[in-house]
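Now for the letters of each chain:
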Protein chains: 4
Amino acid sequence: MQVIEELLANDKTHSVTFAEILSQCIDACVSCELACNACADACLVEPDIDKLRRCIRLNLDCLDICAATARLLSRRQTVDRHLQAQLETCARVCASCGEECRRHAASHEHCRVCADACRWCEQQCRGLLKALPEMVETGSSPQA
Amino acid sequence: MQVIEELLANDKTHSVTFAEILSQCIDACVSCELACNACADACLVEPDIDKLRRCIRLNLDCLDICAATARLLSRRQTVDRHLQAQLETCARVCASCGEECRRHAASHEHCRVCADACRWCEQQCRGLLKALPEMVETGSSPQA
Amino acid sequence: MQVIEELLANDKTHSVTFAEILSQCIDACVSCELACNACADACLVEPDIDKLRRCIRLNLDCLDICAATARLLSRRQTVDRHLQAQLETCARVCASCGEECRRHAASHEHCRVCADACRWCEQQCRGLLKALPEMVETGSSPQA
Amino acid sequence: MQVIEELLANDKTHSVTFAEILSQCIDACVSCELACNACADACLVEPDIDKLRRCIRLNLDCLDICAATARLLSRRQTVDRHLQAQLETCARVCASCGEECRRHAASHEHCRVCADACRWCEQQCRGLLKALPEMVETGSSPQA
């Protein structure tokens with residue numbers, strides 16, 4: 001998102017590479033949150049709602065976790081250990097939700113879009129997790 | 001956001017024009033939420049934090065309201081009266097937060113970015129409010 | 001909630017009467033949020049889910065708005081005009097959601113509990129709205 | 001909270017013991033969320049705000065994670081693996097935030113209340129984590 005890029009551009013806390021990975025991950029979390037929310041809502045008007053019960057439920061869990069992750073990530077002055085745990089949780093729920101959405105992707109376009117958003121978000125969380133340790137070591141925060 | 005555009009493209013509920021206004025408003029709410037969150041976080045490491053107390057507080061209120069608005073808007077199958085009230089609330093808090101951020105825009109780039117995000121979000125909410133009545137009249141939802 | 005009462009007891013910002021109204025309203029918002037969330041989840045396993053589509057949808061809108069309202073209220077150092085707008089929005093969505101849940105109260109106990117939580121929350125929001133103007137006049141915040 | 005107890009009383013999904021542990025954990029998460037929110041807000045008007053920067057920041061992370069955890073837990077029809085990860089994340093952030101709040105407990109009553117809420121929430125999350133495996137084995141959900 002443009003606003004995140006603008007903010008990170010003016011932030012000397014992180015290296016350019018890390019700022020890019022972070023920015024992409026925030027974007028992926030927010031996209032996944034909205035895709036899950038919209039997918040759940042669209043499922044609620046489908047004639048075959050009976051088959052979509054688990055999909056709706058996972059959508060709701062996934063969007064709550066993605067929303068919390070995006071908030072933590074856009075509060076980027078310190079990197080604490082709970083951020084790592086949150087990213088792992090987020091990757092996990094995206095995997096579950098994406099797998100369920102994938103099963104309905106052929107019949108419902110909103111499930112296809114949501115499955116893609118989940119997979120992308122899972123990948124970005126895992127990518128950021130790999131980039132984190134370096135950052136924690138170098139002590140990125142003045143207050144940490 | 002791309003995901004929202006993709007989802008709305010496959011949704012026959014709304015006219016193309018309305019879908020565009022809706023998509024832009026969701027995007028503005030999410031951008032404003034993240035800008036407020038990042039601004040509050042950046043304020044928390046500024047040497048002149050004493051002058052930024054009210055800014056941080058309004059950031060927090062604004063981000064909570066923007067987040068709720070984005071969720072309601074991306075659940076778009078029905079347009080209920082509380083959506084109108086929520087959009088008015090959102091426009092109001094964006095106006096207050098934007099005004100406060102504007103006062104610090106010269107000294108803090110994050111406040112400048114946030115002030116712009118607030119103004120944009122306020123405008124989009126007001127624009128959507130104007131487009132809503134037509135939609136409510138035509139009865140956009142199968143379950144309404 | 002005990003934690004809210006403890007915090008307000010140590011807060012000299014507000015009169016005892018106002019602190020009680022505020023505390024009850026926060027409690028009502030949080031209870032309504034959880035009741036809506038649990039009701040939506042319970043609806044998702046009901047055999048007659050087809051009749052509960054609108055109920056689930058209103059549950060989701062209502063819980064998002066109640067959650068934002070509780071956050072704003074427990075951030076109580078200043079009373080800004082957007083708080084008033086948020087309380088009105090909250091009362092309105094509680095009225096809609098409560099009305100829908102009431103229709104299923106005879107067949108589903110979770111809808112009965114949720115309808116009661118919505119009505120209680122609506123009443124508390126309206127009660128707090130009546131108590132607000134006095135407070136805004138007396139200027140409760142050092143930073144306002 | 002009364003509403004959660006009422007809802008769980010009518011839910012045959014779980015054993016009485018598990019329902020009680022679950023109910024207490026939801027209550028602890030919501031209390032911690034509100035305590036963190038109120039603590040951050042109170043810190044924002046303290047004369048020694050300079051020393052409370054990290055406290056405010058951890059309050060914000062902690063409340064976002066507690067809020068997401070409470071939502072997942074009150075959506076209790078299925079127990080998925082991401083719930084376990086979320087509980088671990090929640091226990092971790094509560095430990096960090098509680099530790100920071102404890103350092104200011106002597107000077108600020110709101111930090112004392114928040115430190116207690118964090119410790120209680122951490123304990124409840126860990127308690128629920130121990131009770132979970134049994135539940136996952138017995139397959140508590142019709143859709144799982």
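The sections below set out a description of the structure shown in this document. (Residues numbered from 1 in each chain as written. Chains lettered and ligands numbered in written order. Predicted model: local features only at pLDDT ≥ 70, side-chain atom pairs only at ≥ 80, totals over all residues. Heavy atoms only, no water.)

**Quick notes on the overall build of chain A**
Move 1: Counting secondary structure elements, chain A contains five helices and zero strands.
Move 2: Listing the helices and strands of chain A from first to last along the sequence gives α-α-α-α-α.
Move 3: In chain A, which comprises 144 residues, the proportion classed as buried is 66%.
Move 4: For chain A, the proportion of contacts with a sequence separation of at least 24, taken over those separated by at least 6, is 75%.
Move 5: Working note: accessible area of chain A is about 5,300 Å², and carbon and sulfur atoms make up 48% of it. (Helix = DSSP H or I, 4+ residues; strand = E, 2+ residues; numbered from the N terminus. Buried < 20%, exposed > 50% of the residue type's maximum accessible area, 1.4 Å probe, protein only. Contact = heavy atoms within 4.5 Å. Areas by Shrake-Rupley, 256 points an atom, 1.4 Å probe, with all protein chains shown as cover.)

**Observations concerning the pattern of salt bridges**
Residues and elements named next belong to chain C.
Move 1: Counted under the stated rule, the structure contains 56 salt bridges over all chains.
Move 2: One salt bridge connects Arg 126 with Glu 122, and the closest N-O pair in it is separated by 3.4 Å. With Arg 126 and Glu 122 both in helix 5 (residues 109–138), this residue pair falls four residues apart, about one helical turn.
Move 3: Judged by its relative accessible area of 39%, Arg 126 falls in the partly exposed class. (Salt bridge = Lys/Arg side-chain N within 4 Å of Asp/Glu carboxyl O.)

**Observations concerning the relation of the copies chain B and chain A**
Move 1: You can overlay chain B on chain A at an RMSD of 0.0 Å; the transform is a turn of 180° with a shift of 0.0 Å along its axis. The transformation relating the two chain copies, once decomposed into turn and shift, fits a two-fold axis.
Move 2: Of all interface residues in chain B, 100% are interface residues in chain A too; the two copies therefore contact each other through one and the same surface. (Least-squares fit on C-alpha atoms with pLDDT ≥ 70 in both.)

**Side note on the interface of chain B and chain A**
Move 1: Facing the 34 residues of chain B at the interface are 34 residues of chain A.
Move 2: Summed over both partners, the interface of chain B with chain A comes to about 2,800 Å²; 60% of that surface belongs to carbon and sulfur atoms.
Move 3: Our count for the contact surface shared by chain B and chain A stands at four salt bridges.
Move 4: A salt bridge links Glu 33 of chain B to Arg 71 of chain A; its shortest N-O distance comes to 3.2 Å.
Move 5: Here chain B and chain A share 10 residue pairs in polar contact (both at pLDDT 80 or more) between them.
Move 6: For the side of chain B that touches chain A, the elements supplying multiple residues, two or more each, are helix 1 (2–9), helix 2 (16–43), helix 3 (53–74) and helix 5 (109–138) of chain B.
Move 7: Take the side of chain B that touches chain A: its biggest share by element is 11 residues, from helix 2 of chain B.
Move 8: Per-class residue counts for the side of chain B that touches chain A are 17 nonpolar, seven polar and 10 charged. (Buried area = accessible area lost by both parts, 1.4 Å probe. Polar contact = N/O pair within 3.5 Å; in protein donor to acceptor, adjacent residues only side chain to side chain. Nonpolar A, V, L, I, M, F, W, Y, C, P; charged D, E, K, R; others polar.)

**A word on the packing of helix 3 (residues 53–74) of chain C against helix 2 (residues 16–43) of chain D**
Move 1: Put simply, helix 3 of chain C and helix 2 of chain D touch, their axes get as near as 8 Å, and they point 45° apart. The angle between the axes of helix 3 of chain C and helix 2 of chain D places the two elements in the oblique class. For the pair helix 3 of chain C and helix 2 of chain D, the crossing hand works out as right-handed. Only Glu 33, Leu 34, Asn 37 and Ala 38 of chain D of helix 2 of chain D make contact with helix 3 of chain C, whose side of the interface consists of Ala 70, Arg 71 and Ser 74 of chain C.
Move 2: Considered class by class, the residues forming the contact of helix 3 of chain C with helix 2 of chain D number three nonpolar, two polar and two charged. (Axes fitted to C-alpha atoms, helices over the stretch in contact; angles between N-to-C directions. Parallel < 35°, antiparallel > 145°, perpendicular 65-115°, else oblique. Left-handed = near helix turned anticlockwise from the far one by under 90°.)

**Topic: the relation of the copies chain C and chain A**
Move 1: It takes a turn of 180° to lay chain C on chain A, together with a shift of 0.0 Å along the axis; the resulting RMSD is 0.0 Å.
Move 2: In this assembly the copies share their binding face: 100% of the residues contributing to the interface of chain C also contribute to that of chain A.

**Quick word on the environment of Arg 81 of chain C**
Residues and elements named next belong to chain C.
Move 1: For Arg 81, the location among the structural elements is in helix 4 (residues 81–103).
Move 2: Judged by relative accessible area, Arg 81 falls into the exposed class, the value being 66%.
Move 3: In this structure the C-alpha to C-alpha distance between Arg 81 and Phe 18, which are 63 residues apart in sequence, comes to 17 Å.

**Regarding the side chain of Glu 100 of chain A**
Residues and elements named next belong to chain A.
Move 1: In this structure, Glu 100 sits in helix 4 (residues 81–103).
Move 2: Relative accessible area serves as the criterion here: at 6%, Glu 100 is assigned to the buried category.
Move 3: Polar contacts involving the side chain of Glu 100 include one to the side chain of Arg 103, which spans 3.0 Å.
Move 4: Those residues in contact with Glu 100, other than ones at most four positions away along the chain, are Arg 54, Cys 55 and Leu 58.

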